[in-house]
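What follows is the residue order along each chain.
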Amino acid sequence: VQLQASGGGLVQAGGSLRLSCVASGRINFIHNMGWYRQAPGKQRVLVAEIISGSRTDYADFVKGRFTISRDKSKNTVSLQMNSLKPDDTAVYYCYVAGMTASFTGFSSWGQGTQVTVSS
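The following refers to the structure shown. Every chain begins its residue count from 1, and numbering advances along the sequence as written. Only residues with pLDDT of 70 or above have their local features reported here, since the model is predicted, and side-chain atom pairs are shown and tallied only from 80 upward, although totals for entire chains, interfaces and linings are computed over all residues. Side-chain metrics in this entry use all non-hydrogen atoms of the structure; hydrogen atoms and water are not considered.

A look at the pairing of strand E6 (residues 55–58)
The side chains of a regular strand alternate between both faces of the sheet. Heads up, the rule is: Two strands are said to pair when DSSP picks up at least two bridges between them. Helix and strand definitions here come from DSSP, where helices need a minimum of 4 consecutive H or I residues and strands a minimum of 2 consecutive E residues; each element is numbered from the N-terminal end.
As defined by bridge partners, strand E5 (residues 45–51) adjoins E6 across four bridges and the pair is classed as antiparallel. Its bridge partner being in E6, Ile 50 is matched across the sheet by Thr 56. In sequence, E5 turns back onto E6 through a hairpin of three residues, with Ser 52 there showing a positive phi of about 55°.

The following block contains the structure:
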């Protein structure tokens with residue numbers, strides 16, 4: 001299963017960006033879809049995720065500003081990021097886990113997309 005992320009870029013503080021990630025391959029079903037981020041010199045951390053297609057979970061530092069959504073028909077997960085802050089600057093990675101058409105479990109990471117927020 002391959003993931004293709006898009007939507008990163010440079011934005012001023014207070015602005016918005018939308019990230020999208022498409023999963024392709026022989027997918028039977030997807031259990032988790034989410035976004036992580038890694039700032040320079042720091043560990044990769046969870047930003048937001050959708051579990052079992054409905055339950056959402058957000059890191060405290062993005063609650064009220066970011067919204068995660070999923071399009072099941074297109075195997076796509078998106079992250080709407082509003083009120084961006086310089087501290088949101090990082091490489092954002094999408095993550096998908098589920099089962100393939102061969103009934104084997106999979107977990108895949110996207111290639112990462114840079115988000116830079118200027119002050």
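Focus: the pattern of salt bridges
For clarity, the threshold we go by: A carboxyl oxygen of Asp or Glu within 4 Å of a side-chain nitrogen of Lys or Arg is what we treat as a salt bridge. With a 1.4 Å probe rolled over the protein chains alone, any residue whose accessible area is under 20% of its type maximum counts as buried; one over 50% counts as exposed, and the rest are partly exposed.
Throughout the structure, instances matching the rule amount to three salt bridges. Of the charged contacts, one joins Arg 37 and Asp 88 as a salt bridge, the two residues approaching to 2.9 Å between their closest N and O atoms. Of the two residues, Arg 37 is situated in strand E4 (residues 27–38) and Asp 88 in the loop between strand E8 (76–81) and strand E9 (90–100); the sequence distance between them amounts to 51 residues. Overall, the relative accessible area of 1% leaves Asp 88 in the buried class. The salt bridge involving Asp 60 is made with Lys 63; its shortest N-O contact spans 3.1 Å. Several salt bridges converge on common partners, so that one network encompasses Arg 37, Arg 65 and Asp 88.

Things to note about the side chain of Arg 37
Worth spelling out the cut-off: Pairs of N or O atoms are called polar contacts if they sit within 3.5 Å, as long as, within protein, a hydrogen donor faces a hydrogen acceptor (for residues adjacent in sequence, only side-chain-to-side-chain pairs). Residues are treated as being in contact if the distance between any of their heavy atoms lies within 4.5 Å.
Relative accessible area serves as the criterion here: at 9%, Arg 37 is assigned to the buried category. In terms of polar contacts, Arg 37 uses its side chain to reach the side chain of Asp 88, at 2.9 Å. At 2.9 Å, the side chain of Arg 37 forms a polar contact with the side chain of Tyr 92. Contacts of Arg 37, omitting those with residues within four sequence positions, involve Gln 43, Arg 44, Val 45, Val 47, Phe 61, Val 62, Phe 66, Asp 87, Asp 88, Ala 90, Val 91 and Tyr 92.

Considerations on the sheet that holds strand E1 (residues 2–6)
For the record, the criterion: All axes are obtained by fitting lines to C-alpha atoms, using only the stretch in contact for helices, and the reported angles, taken between N-to-C directions, cover 0 to 180 degrees.
Strand order in this open sheet of four strands is E1-E3-E8-E7, and the pairing throughout is antiparallel. Strands at the two margins of the open sheet, each flanked by one partner only, are E1 and strand E7 (66–71). Neighbouring strand axes in the sheet, compared pairwise and without regard to direction, differ in orientation by 15° on average. Two elements, E7 and E8, share six bridges in a ladder whose sense is antiparallel. For Ile 68, the partnering residue across the bridge sits in E8 and is Leu 79.

Digging into unusual backbone geometry
As a rule of thumb, non-glycine residues mostly have phi less than zero, and peptide bonds are mostly trans rather than cis. In this structure, Ser 83 is a non-glycine residue whose phi angle is positive, near 50°. When you line up the elements, Ser 83 lands in the loop between E8 and E9. According to the relative accessible area criterion, Ser 83 is partly exposed, its value standing at 41%. Despite not being glycine, Phe 103 has its phi angle at roughly 65°, a positive value.

Some remarks on the state of the cysteines
To keep things clear, this is the line we draw: Cysteine sulfur atoms that come within 2.5 Å of each other are treated as a disulfide pair.
The final tally for this structure, using the stated rule, is one disulfide. A disulfide bridge connects Cys 21 with Cys 94, and the sulfur atoms are separated by 2.1 Å. Measuring handedness by torsion sign, the sulfur bridge of Cys 21 and Cys 94 sits at about 55° and is right-handed. Residue Cys 21 is located in strand E3 (residues 17–24), and its partner Cys 94 is located in strand E9; the two are separated by 73 residues in the primary sequence. Comparing Cys 21 with Cys 94 shows no difference in burial state: the two are buried.

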